[in-house]
Amino acid sequence: EPEVTQTPSHQVTQMGQEVILRCVPISNHLYFYWYRQILGQKVEFLVSFYNNEISEKSEIFDDQFSVERPDGSNFTLKIRSTKLEDSAMYFCASSAGWQQPQHFGDGTRLSIL
Amino acid sequence: GESVGLHLPTLSVQEGDNSIINCAYSNSASDYFIWYKQESGKGPQFIIDIRSNMDKRQGQRVTVLLNKTVKHLSLQIAATQPGDSAVYFCASPRGGEKLTFGTGTRLTIIP
């Protein structure tokens, strides 16, 4: 069964450094998302991406965050200058269309030191 | 504000019994709901979805019931197995495609 894949599974970064989290969505999907889950808390929406542009973003997704679909298969989340509070699990998801199930990857655990 | 939440943070069920996990929502305009299962160290896994023009939908060993009058939905898992142990979330798109997740119910299967 097709699945969303994320790399790396665990990323450790010094505070202030840039980090890029990578995702390969399901191949025929059109909508792409990033969510995060701080340990012990709810899964929170960050951003949605459709037709090569951001369609919606949360208040968490400030100027230090950016997303890119550099080619036909990858979808990346960049955090420009990481802070301690960015430590979380980051999940990528994709869906085939409007109000279709979002399918999630297994996440990247980001640890900021 | 709007919310999608779950009634109980934990639920323990004997292996082989049926489980019922409940979820309440506040926005009467919500028209699409999804149940996810999250095992330790993994991402949310899609289980089943339901739209507001239905009140029941069945999958393999799972049934989702939607009661729009009281803004409540439930996930029933038949003949629970050890592999069903996980945290279960209901979620609903809000203001577009972004999913709003509840706090989750941790289901523990007792052998």
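Remember, predicted model here, so these are calculated numbers, not experimental data. (Residues numbered from 1 in each chain as written. Chains lettered and ligands numbered in written order. Predicted model: local features only at pLDDT ≥ 70, side-chain atom pairs only at ≥ 80, totals over all residues. Heavy atoms only, no water.)

1. Some words on the state of the cysteines
Enumeration according to the criterion identifies two disulfides over all chains in this entry. Each disulfide pairs two cysteine sulfurs, and for C23 of chain A the partner residue is C92 of chain A, the sulfurs being separated by 1.9 Å. Between C23 of chain A and C92 of chain A, the disulfide has an S-S torsion of -65 degrees and is therefore left-handed. Of this pair, C23 of chain A sits in strand β3 (residues 19-24) while C92 of chain A sits in strand β9 (residues 88-95); the two residues are 69 residues apart in sequence, bridging distant segments of the chain. Given a relative accessible area of 0%, C92 of chain A falls into the buried group. Here C23 of chain B connects covalently by a disulfide to C90 of chain B, the sulfurs 1.7 Å from one another. Around the S-S axis, the bridge from C23 of chain B to C90 of chain B shows a dihedral of about 45 degrees and counts as right-handed. Of the two residues, C23 of chain B sits in strand β3 (residues 19-25) while C90 of chain B sits in strand β9 (residues 86-93), which places them 67 residues apart along the sequence. For the pair C23 of chain B and C90 of chain B, one class covers both residues: buried. (Disulfide = S-S within 2.5 Å. Helix = DSSP H or I, 4+ residues; strand = E, 2+ residues; numbered from the N terminus. Buried < 20%, exposed > 50% of the residue type's maximum accessible area, 1.4 Å probe, protein only.)

2. Quick word on the interface of chain A and chain B
Taken residue by residue, the interface counts 20 residues in chain A and 23 residues in chain B. Summing the contributions of chain A and of chain B, the shared interface buries around 1,800 Å²; its carbon and sulfur component is 53%. At the junction of chain A with chain B, the criterion picks out one salt bridge. Within the residue set of the side of chain A that touches chain B, elements represented by two or more residues are β4 (31-37), β5 (43-50), β9 and β10 (103-104) of chain A. The leading source of residues in the side of chain A that touches chain B is β4 of chain A, at four residues. Residues belonging to the side of chain A that touches chain B are distributed by class as follows: nine nonpolar, eight polar and three charged. (Contact = heavy atoms within 4.5 Å. Buried area = accessible area lost by both parts, 1.4 Å probe. Salt bridge = Lys/Arg side-chain N within 4 Å of Asp/Glu carboxyl O. Nonpolar A, V, L, I, M, F, W, Y, C, P; charged D, E, K, R; others polar.)

3. Considering the pattern of salt bridges
Residues and elements named next belong to chain A. Under the criterion given, the structure shown has four salt bridges over all chains. Between R36 and E44 there is a salt bridge, with the nearest N and O atoms lying 3.2 Å from each other. Since its relative accessible area comes to 10%, R36 is described here as buried. Judged by relative accessible area, which is 25%, E44 ranks as partly exposed.

4. Topic: unusual backbone geometry
A cis amide bond, omega -10 degrees, links T7 of chain A with the succeeding residue P8 of chain A. Position of P8 of chain A among the secondary structure elements: in the loop between β1 (5-7) and β2 (10-13). The phi dihedral of A79 of chain B falls on the positive side, at around 50 degrees, and the residue is not glycine. Along the chain, the position of A79 of chain B falls in the loop between β8 (72-77) and β9.

5. Some details on the sheet that holds strand β8 (residues 75-79) of chain A
Residues and elements named next belong to chain A. With antiparallel pairing, the four strands of this open sheet are ordered in space as β1-β3-β8-β7. In this open sheet, the two edge strands, each paired with only one partner strand, are β1 and β7 (65-68). The mean angle between the axes of side-by-side strands here comes to 20 degrees, regardless of whether they run parallel or antiparallel. The pairing of β1 with β3 spans three bridges and is antiparallel. Within β3, the position partnered with T5 by the bridge is V24. (Pairing = 2+ DSSP bridges. Axes fitted to C-alpha atoms, helices over the stretch in contact; angles between N-to-C directions.)

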